[in-house]
Number of protein chains: 2
Amino acid sequence: MSPPKYLTGDKAGIEEFLSRFDVFLFDCDGVLWSGDHLYPKVAETIGMLRSKGKQLVFVTNNSTKSRADYKKKFDKMGIETNEEEVFGSSYSAAVYIARILKLPAPKNKVFVLGESGIEQELNAEGVRYICGTDPAFRRDIEPEDFTNIANGSALDPEVGIVLSGLDFHLNYLKMATAFQYLQRGAVFLATNTDSTLPTAHSLFPGAGSAGAGLVKAIGREPLALGKPSQAMMDAIEGKFHFDRSRTCMVGDRLNTDIQFGIEGKLGGTLAVLTGVSKKEEFLAEGAPTVPMAYMDTLGDLVG
Amino acid sequence: MSPPKYLTGDKAGIEEFLSRFDVFLFDCDGVLWSGDHLYPKVAETIGMLRSKGKQLVFVTNNSTKSRADYKKKFDKMGIETNEEEVFGSSYSAAVYIARILKLPAPKNKVFVLGESGIEQELNAEGVRYICGTDPAFRRDIEPEDFTNIANGSALDPEVGIVLSGLDFHLNYLKMATAFQYLQRGAVFLATNTDSTLPTAHSLFPGAGSAGAGLVKAIGREPLALGKPSQAMMDAIEGKFHFDRSRTCMVGDRLNTDIQFGIEGKLGGTLAVLTGVSKKEEFLAEGAPTVPMAYMDTLGDLVG
């Protein structure tokens, strides 16, 4: 593997790098912004790429937000975009369920562990679901629930899929109910399996941690529809029909973003140092995941 | 490994087997009872062993109940016992924290993920703790919690230990708080790591599943104080000072009870078929965990 090229301050190198790609897939958090803090010159950089006719896709593992929610965030940050350019793990999961898995009705309803972002994307794809933000499941488990979950009287016979995402309202009742559906043969999917969620300059439990109890109980892993799962790459390609050799993945995490691009056999990968991974991780001898190029910040593309 | 001896109906074999041991360690659920259903002749069997002068210890991984809670259950079931004979994973954890770990004050408080059984045992050993059944933590996480957990203002600076057990009231707020203590260096303990809890003739998420999110987030396993961890065997021996070669472990689960006895180098292990494991699992060629003897039910000891 050749060492990654350092592009910050290298105008000719940047020019040459950009000329190799027609499509750029962007991770959002840690690349464009951190929480509500926009990194310098991001809006200018996005504008420059558009002026060169590049196609942009914003690829995020955050399952709590829908594409519409993301569009609002882009607007607030002053970055020109449209909803169709956003590809989140909730949307990826909805597309997978509706267009690839296609379980026959009536046993094709989804039991959702997650927030409204998932619900919105399932609605958009016409997928039926229960739980999610339903207040009926936001309560403590009671003694009679154990009996009714175990004997099936508390279950919906049409549920054939359990979809696990980041749920800020997780509880034992939801976990026990989802576990029972899985014991009865439901397909096990996850929007993504990131172990942590970087927030407020610290780390919080991510979707992978919220769903880890279910994985431990049933003893098998879900099919993940977020980065670095190639199921997400296939879904993006199915929608945008791009040439992988002329496509570059831009991200801050080696084991999700950069791995996602490498496994997807994209023409290139570009790491930025504003997020989770440090350059020492990919410059080290024998590093498992090495980007094609790297920069201090995304804004370095416009100097 | 010699094949296990089948003792049901073998009066002479039972007599010889019993003569080899002075101490019997009993698992409870799946051996004495299932939930509120007492298996036949259990009380008689316990009485017979007492009449022969055997020392009995009831060893359970259920962390939601204290020894006092268990004593009440034995009374209700009509089995003669006393609180001192009960050794639960909550008690094991409390003994480990107070007598073995002995962190120096003031940073020796415990953040508890679990129910009142754990609190009672920590109280009995004089260990200070927060959370557990505290209603202040039984609520949804709010935006300001992320900030206050991340910057430490919502944390108790005296917490030096996170103890994870079966918590029927688990939520994201508790998980995020515990994760932050672990990121700041707290010792990570678990009462036990059973993946499932057999209840109502089905399986529900066990302590290991309730704590799996924390394990995934921090990326390391806790020290478990329940079966088959030998930390529990050491704690039992520390209290009862028995001769391991004259001690027999009786249980229904191969990978917890029987493995616990074998790894602890006890003189014998006795499997009963009223619980989780089936005889095919240990009679199979190359079975990893094989008991010394087995019976259909514990009551077979009195015919």
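Residues numbered from 1 in each chain as written. Chains lettered and ligands numbered in written order. Predicted model: local features only at pLDDT ≥ 70, side-chain atom pairs only at ≥ 80, totals over all residues. Heavy atoms only, no water.

### Quick look at the domain arrangement of chain A
A common way to report how large an interface is uses the accessible area buried once the components associate. Residue and element names in this part refer to chain A. Formally: An automatic or database domain assignment supplies the start and end points of every domain. Contacts between residues were defined by any pair of non-hydrogen atoms, one from each residue, lying within 4.5 Å. The term buried area means the drop in 1.4 Å probe accessible area that two parts suffer when joined, counted for both and summed. Take a side-chain nitrogen of Lys or Arg and a carboxyl oxygen of Asp or Glu: if they are within 4 Å of each other, that pair is a salt bridge. Distance and chemistry together define a polar contact, namely a pair of N or O atoms within 3.5 Å, with one atom able to donate a hydrogen and the other to accept it when in protein, and with adjacent residues in sequence counting only for side-chain atoms on both sides. We call Asp, Glu, Lys and Arg charged. Ala, Val, Leu, Ile, Met, Phe, Trp, Tyr, Cys and Pro are nonpolar, and the rest, Gly among them, are polar.
Assigned domains of chain A: these are domain 1 (5-61 + 228-302) and domain 2 (102-224). If you average the C-alpha positions of domain 1 and of domain 2, the two centres end up 31 Å apart. Contact residues are listed per partner, giving seven residues for domain 1 and five residues for domain 2. Roughly 500 Å² of surface becomes buried between domain 1 and domain 2 when both sides are summed, with 38% attributable to carbon and sulfur atoms. Scanning the region where domain 1 abuts domain 2 turns up zero salt bridges. Joining domain 1 to domain 2, the criterion identifies three residue pairs in polar contact (both at pLDDT 80 or more). Tallied by class, residues from the side of domain 1 that touches domain 2 come to two nonpolar, three polar and two charged.

### Some points on unusual backbone geometry
Test applied: We count a stretch as a helix when DSSP gives it H or I for four or more residues in a row; a strand needs E for two or more, and each element gets its number in order from the N terminus.
Here K227 of chain A and P228 of chain A are connected by a cis peptide whose omega angle stands at 0°. Checked against the element boundaries, P228 of chain A lands in the loop between β13 (223-224) and α10 (230-240). Between A105 of chain B and the following residue, P106 of chain B, the backbone shows a cis peptide bond with an omega angle of 5°. Tracing the backbone shows P106 of chain B in the loop between α4 (89-101) and β7 (109-113). Phi is positive for K41 of chain A, which is not a glycine, with a value near 60°.

### What about the side chain of K174 of chain B?
The residue K174 of chain B is located in helix α7 (residues 172-183) in this model. With residues up to four places along the chain from it excluded, the contact list for K174 of chain B reads F111, L113, C131, G132, F137, R138, D167 and H169 of chain B.

### Thoughts on the nonpolar core
We count it as follows: To form a nonpolar core, buried Ala, Val, Leu, Ile, Met, Phe, Trp, Tyr and Cys residues must be joined to one another through side-chain atoms within 4.5 Å. We call a residue buried when its accessible area falls under 20% of the maximum for its residue type, exposed when it is over 50%, and partly exposed in between, using a 1.4 Å probe and counting protein chains only.
Grouped together as the largest cluster of nonpolar side chains are 64 residues, with contacts concentrated most on F111, V162 and Y172 of chain A together with F111, V162 and Y172 of chain B. For V162 of chain B, the contacting residues outside a window of four places in its chain are F111, L113, A178, Y181, L182, A186, V187, F188, L189 and L214 of chain B.

### Observations regarding the sheet that holds strand β16 (residues 293-295) of chain A
Residues and elements named next belong to chain A. Here is the rule: The pairing criterion for strands is at least two bridges between them, as found by DSSP. Fitting a line to C-alpha atoms yields each axis, with helices limited to the stretch in contact; the angle taken between N-to-C directions then spans 0 to 180 degrees.
Taken together, the seven strands give an open sheet; going across it, the order is β1-β16-β15-β14-β2-β5-β6, and neighbouring strands pair in parallel fashion. At either end of the open sheet lies a strand with only one pairing partner, and these are β1 (5-6) and β6 (86-88). As paired strands, strand β2 (residues 23-26) and strand β14 (residues 247-251) are joined by four bridges and run parallel to one another. Bridged to L25 within β14 is M249. Running at roughly 140° to strand β5 (residues 55-60), helix α2 (residues 42-51) makes contact with β2 and β5 of the sheet.

### Regarding the pattern of salt bridges
Residue and element names in this part refer to chain A. For the coordinates displayed, the defined rule picks out 44 salt bridges over all chains. With a shortest N-O distance of 2.9 Å, D145 and R139 are connected by a salt bridge. Taking the relative accessible area as the measure of exposure, D145 reaches 8% and is therefore buried. With a shortest N-O distance of 3.3 Å, D234 and R244 are connected by a salt bridge. In this pair, D234 sits in helix α10 while R244 sits in the loop between α10 and β14, placing the two residues 10 residues apart along the sequence. Among the residues examined, R244 registers a relative accessible area of 19% and is labelled buried. In this structure, a network of salt bridges that share partners links the residues K109, R128, D156 and E158.

### Notes on the relation of the copies chain A and chain B
Inclusion rule: Here the copies were fitted onto each other by least squares, based on C-alpha atoms from residues at pLDDT of at least 70 in both.
When chain A is fitted onto chain B, the two copies agree to an RMSD of 0.1 Å after a turn of 180° and an axial shift of 0.0 Å. The transformation relating the two chain copies, once decomposed into turn and shift, fits a two-fold axis. Both copies share a contact surface, since 100% of the interface residues of chain A are interface residues in chain B too.

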